[in-house]
Amino acid sequence: MVSDKKKLQKIKIILILCIILAVALGVILGKTLSAIRNIDIRADLQDYEPALPTQILDRNGNLITELFSDEKREIVPVEELPKHLIFALVSREDADFFHHNGLSFKQFFRSLYNIVAGNYFSGFSTLTMQVAGAHYADRSVISVMRKIKEVWYAFQIEKALTKNEILEIYLNEVYFGHGNYGVESASQFYFGHSAREITLAESAILVIQLASPAKYSPINHPEEARSRQIDVLDAMVELGYCTREDADYSFNEYWDNYDYSRSNIASAYTGNDSRAPYFSEYVRLQLNDMLFGAVDVNKDGYVVHTTLDLDIQDSAQKIMDKAFREINQKYQAYTKRRYNNVNDNYIDLVNLLSLTFNLKDIRVSGSKQKSVATSTYFDSVNPTLYMLSSMFGLSELNNTTTTGFKKNKTRNEKTTVEGALITLENNTGRILSMIGGSDFKTKQYNRAVDAKVQPGSSIKPLYYSAAISSGKFTPATRLYDGPVVFFDESGNPYEPQNYLGDWEGSVLLRYALATSMNVPSIQVLEGIGFDAAIERISRMTGLYDKRNDEEYFPRGFTLGLGVTALAPINMARAFATFPNQGKEVEPIAIISVEDREGNIILEPERDRLREKQKNKYDDQIMSPQVAYIMTDMLQSTVQYGTLANRRRFVHGFDGMPMAGKTGTTQNWQAAWTVGFSPYYTTAVWFGFDRMGNSLGRDLTGATAAGPYWALYMKEIHKDLERKQFPEPDSGLVRVRVCRKSGLLPTNDCNEGTKEEIFLAGTEPKKTCDIHKFEKQRDEELLQRLQNNLLIEDLPTNNFDIPDLELPDFLNDDNNNKTKTNKEEEQADSGFNPYLD
């Protein structure tokens, strides 16, 4: 036993002598090489660029988020850091830092002594050696050669740089745990403020992370961190860097205000979520496209100035969160009523037929219990089984539960109402807010830009504008609302319906658009032709290159009721054309991009404008006069059409003019409202990620999307100056017309008149003859009755012959009258294919 100990002692002595000899040789070699070889360490280190996150800022310079992969960092000059942070660092890591030239012989021999004495293994790396190792050696390798290399480069660094420069490199590069590199990122993460404001106690917390962030994290292991923090503060007091009173005061203040609820945050990324996650991801993808994938936006430290307004975004998020919650509650209630109705009224009858005629395939008894059981399995049992299969390696069970998750995903896509919102600035196309769904963390599918969904009746204003441009139609054009069969170019019949099959007969174009009538709209589409309609729709939605693709724009009458595939961003840019005086609106998210040195490397907005000027691009989709007429007609939707109740719901828009259109797709699968003010255009959509389900008759464009659109638009306009939509100086005329015929009124027009707006030259030239005809018809009918029935004492006044007329609330003197129940129901419903 004694012999073994002596052998072990000899081995230790030999190892120590070897280490001493290696270090001595390293020192001698380092000194010699440093004297005869002059590499430019300063330039070498200055050229080094550590990974920096890309900052995404809103239009007011507020931070939206940071994009980074495994390293989150922000550079800060050492002169801006408190001295007690520097003192805490050297107290813990390198007490002789200000006195050695790269190698501390005191630390070196202390390390040797601890190894020989068997106390513990300790290194002797100085801060300078750590910088040298990080830049010129592989610190994951433990070897004598690595140490020699570190010592040699440490001498070079000390010779080339000042102590402050070495500290700045170290503090901005070293890892502090939880994905944070550099003291500024670490301070922001751990304490919520800049390292420039760090306290004495916080400085001690930071420097102990250098030893082991896994062990001493104040978030995951506060007690261990507290113990090591005391050691650092004691060392600072002993070295004269602070007084005992200051150390104790700062220590107590830190722990008195410590937030224990932050425990177990995994990384800086999860602790710093984006305030606009869908928009941030949209910007990241745009950056990759603009920079051709030649850079790493997660590491190259760009500053991206975007168009988003965080105040507007916060309003959008608040109102859409409310909408997701309330609409899903209404949908679940509707679904429950529907299932209950089936269970209460039909299942017993079906089962009776099954038993009577031995039809086993139609037997559905217990469907209610089956539905409950299915929900319980997917929501509770399947996740538990998956956990057990993972713990015990049960591959067959794991496969079963994986299949269960896939089925539940499909089930949720069909039964969870999703939605999207996007707001554009009318005259620039700048994206001010973007909500792509209810939960970005669950599903990163941005419905605001990537969804391909039917717009329903919200598409109508797009081809109505082509009708006004053609001169064939005006807001006073008389249309017919009743059963009509249309035939397309191939001779296929198409017979559109209105909500609940109601018809109003003779109507004017303005009223037909405001109340979203289907048959009059198809008459307009037929009147201008598919080519003109597709040309206008594709140009306004930014899909002009798809104009010949029938998947997007079918050459059939269903196009007139929105049976196509568009995203909310397409509809927003289309509607923004109207308040932008007919000019194309191209959405944009990035204003400019700076590199880490502050140089502007991209200005997409400016470059786009220059490109258009260079190519003499004509962005005038329609004339300002047509755009103004469309704006004026869409204001009628808010005043008395399908959005009228939404306006009353928010008690008006406080004098700010609003215009818009609702839309509900076939079988109530989706609900839309797209509308604008003189400032902004907003599209709101609700529906399902997977088609095949119905929101129900109670959730339409007017009743589902409309209220939240109205709440949001009122909120974001409350502090803006009231102004009107810009009206062209020429090219428009206002003419008083008969309310029923849309023609010039006569004394016989007993249903009132109204002022209407027209493109100059398209105003009516003919006088109204409807009422004169009706008067003659009534007189002839009276004469026949008198002749045939020989009733001499019949009253001489005209009979009140029934006719389909415009409602009284359209009269100038009756604009404030309450609608009939039928009109309220129509306005609430929104009138799309089979609904609005």
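Calculation notes
Residues numbered from 1 in each chain as written. Predicted model: local features only at pLDDT ≥ 70, side-chain atom pairs only at ≥ 80, totals over all residues. Heavy atoms only, no water. Helix = DSSP H or I, 4+ residues; strand = E, 2+ residues; numbered from the N terminus. Polar contact = N/O pair within 3.5 Å; in protein donor to acceptor, adjacent residues only side chain to side chain. Contact = heavy atoms within 4.5 Å. Pairing = 2+ DSSP bridges. Axes fitted to C-alpha atoms, helices over the stretch in contact; angles between N-to-C directions. Parallel < 35°, antiparallel > 145°, perpendicular 65-115°, else oblique. Nonpolar A, V, L, I, M, F, W, Y, C, P; charged D, E, K, R; others polar. Expected span 1.5 Å × (residues − 1). Buried < 20%, exposed > 50% of the residue type's maximum accessible area, 1.4 Å probe, protein only. Core = buried A, V, L, I, M, F, W, Y, C linked by side-chain atoms within 4.5 Å. Phe/Tyr/Trp six-rings, centres within 6.5 Å; stacked < 30°, edge-to-face > 60°. Lys NZ or Arg CZ within 6 Å of the ring centre and 35° of its normal. pLDDT = per-residue confidence, 0-100. Salt bridge = Lys/Arg side-chain N within 4 Å of Asp/Glu carboxyl O. Left-handed = near helix turned anticlockwise from the far one by under 90°.

Draft legend 1. Geometry of the side chain of Ser-217. Assignment of secondary structure puts Ser-217 in the loop between helix H10 (213-216) and helix H11 (222-238). Polar side-chain contacts of Ser-217 include one of 3.1 Å to the backbone nitrogen of Ile-219. Once residues lying within four places of it in the same chain are set aside, the contact partners of Ser-217 are His-178, Tyr-190, Gln-209, Pro-222 and Ala-225.

Draft legend 2. Looking closely at the sheet that holds strand E7 (residues 431-435). Pairing is antiparallel in the open sheet, where 5 strands are placed in the order E7-E6-E16-E15-E14. Both edges of this open sheet fall to E7 and strand E14 (659-664), since each of them pairs with a single strand only. Mean inter-strand twist for the sheet, computed between neighbouring axes without regard to direction, equals 5 degrees.

Draft legend 3. How the structure looks around the packing of helix H9 (residues 200-208) against helix H12 (residues 244-256). Running from amino to carboxyl end, H9 crosses H12 at an angle of 75 degrees, the nearest separation of the two axes being 7 Å. One element, H9, and the other, H12, form an angle in the roughly perpendicular class. Where H9 abuts H12, its residues Leu-200, Ala-201, Glu-202 and Ile-205 lie against Asp-246, Ala-247, Ser-250, Phe-251, Tyr-254 and Trp-255. Residues belonging to the contact of H9 with H12 are distributed by class as follows: 7 nonpolar, 1 polar and 2 charged.

Draft legend 4. Quick peek at helix H14 (residues 277-290). Its 14 residues place the ends of H14 20 Å apart at the C-alpha level, agreeing with the 20 Å of an ideal helix rising 1.5 Å per residue. Where H14 is concerned, the buried positions are Tyr-278, Phe-279, Ser-280, Tyr-282, Val-283 and Leu-287.

Draft legend 5. Structural view of the nonpolar core. Counting residues in each nonpolar core, the largest one holds 94 residues, and the members touching the most others are Phe-279, Ile-431, Met-434 and Tyr-463. No other element matches helix H26 (residues 624-639), which puts 7 residues into this core. Not counting residues within four places of it along the chain, the set of residues in contact with Phe-279 comprises Ile-64, Thr-306, Thr-307, Leu-308, Ile-431, Met-434 and Ala-589.

Draft legend 6. Layout of the side chain of Thr-642. Relative to the helices and strands, Thr-642 is located in the loop between H26 and helix H27 (644-649). Among the residues examined, Thr-642 registers a relative accessible area of 0% and is labelled buried. Reaching out from Thr-642, the side chain makes a polar contact with the side chain of Thr-662 at a distance of 2.9 Å.

Draft legend 7. A look at the sheet that holds strand E1 (residues 54-57). The strand order across the open sheet formed by 5 strands is E2-E1-E5-E12-E13, and the pairing between neighbours is mixed. Lying at the two open borders of the sheet, with one neighbouring strand each, are strand E2 (63-67) and strand E13 (600-602). Between one strand and the next, the sheet's axes are offset by a mean angle of 25 degrees, whatever the strand orientation. Relative to E2, E1 runs antiparallel, the two being bridged by 4 bridges. Each residue of the ladder has a partner; that of Gln-55, found in E2, is Glu-66. Against the sheet, H14 engages E1, E2, strand E5 (303-306), strand E12 (590-594) and E13, with an angle of about 65 degrees to E12. On top of the sheet, helix H25 (residues 604-614) reaches E12 and E13; it is set at about 120 degrees to E12, its chief contact.

Draft legend 8. Geometry of the packing of aromatic side chains. Under the counting rule described, the total for this entry stands at 22 aromatic pairs. Ring geometry for Tyr-254 against Tyr-258: centres 6.1 Å apart, planes inclined by 45 degrees, an arrangement best described as tilted. For Tyr-254, a relative accessible area of 11% corresponds to the buried category. Between Phe-653 and Trp-709 the ring centres are 6.0 Å apart and the planes differ by 70 degrees, which places this aromatic pair in the edge-to-face class. Here Phe-653 is found in the loop between H27 and E14, whereas its partner Trp-709 is found in helix H28 (residues 701-717), with 56 residues between them in sequence. The residues Phe-653 and Trp-709 share a single accessibility class, namely buried. Each member of the aromatic cluster is reached from another via a ring pair, and the members are Phe-189, Tyr-190, Phe-191, Tyr-254, Trp-255 and Tyr-258. Positioned over the ring face of Phe-97 is Lys-163, at 4.4 Å from the centre of the ring.

Draft legend 9. Representation of the confidence of the model for the chain. Averaged over all residues, the pLDDT of the chain is 79; the fraction at 70 or higher stands at 71%. Low pLDDT, under 50, characterises residues 263-272; the predicted model gives this stretch 22 contacts beyond four residues in sequence or across chains. Note on residues 790-836: pLDDT is under 50 here. Beyond four places in sequence and across chains, it has 132 contacts.

Draft legend 10. Geometry of unusual backbone geometry. Here the phi dihedral of Ser-516 falls at roughly 60 degrees; this positive angle occurs in a residue that is not glycine. Within the element layout of this structure, Ser-516 appears in the loop between helix H21 (509-514) and helix H22 (518-528). Not every positive phi belongs to a glycine, and Lys-616 is a case in point at roughly 50 degrees. By secondary structure assignment, the location of Lys-616 is in the loop between H25 and H26.

Draft legend 11. Focus on the pattern of salt bridges. Per the stated rule, a full pass over the model turns up 31 salt bridges. Linking Asp-689 and Arg-447 is a salt bridge whose minimum nitrogen-to-oxygen distance equals 2.7 Å. With Asp-689 in the loop between strand E16 (680-687) and H28 and Arg-447 in helix H19 (residues 447-450), this residue pair connects regions lying 242 residues apart in the sequence. With a relative accessible area of 1%, Arg-447 lands in the buried category. Residues Arg-510 and Glu-756 are paired through a salt bridge, measuring 2.5 Å at the closest nitrogen-oxygen approach. With Arg-510 in helix H21 and Glu-756 in strand E18 (residues 753-759), this residue pair connects regions lying 246 residues apart in the sequence. One salt-bridge network, in which partners are shared between bridges, spans Arg-573, Glu-584, Glu-586, Arg-608 and Lys-612.

Draft legend 12. Fine view of helix H20 (residues 460-470). For H20, a buried count of 9 out of 11 residues is recorded, marking the element as mostly surrounded by other parts of the structure. Where H20 is concerned, the buried positions are Lys-460, Pro-461, Leu-462, Tyr-463, Tyr-464, Ser-465, Ala-466, Ala-467 and Ile-468. At the C-terminal side of H20, Gly-471 shows a positive phi close to 80 degrees.

Draft legend 13. Geometry of the packing of H11 against H12. The geometry of H11 relative to H12 is characterised by a closest axis approach of 10 Å and an angle of 165 degrees between their N-to-C directions. Between H11 and H12, the angle is such that the two are roughly antiparallel. When you trace H11 past H12, the crossing you get is right-handed. In this structure, H11 uses Pro-222, Arg-226, Gln-229, Ile-230, Leu-233, Asp-234 and Val-237 to contact H12, whose residues at the interface are Arg-244, Ala-247, Phe-251, Tyr-254 and Trp-255.

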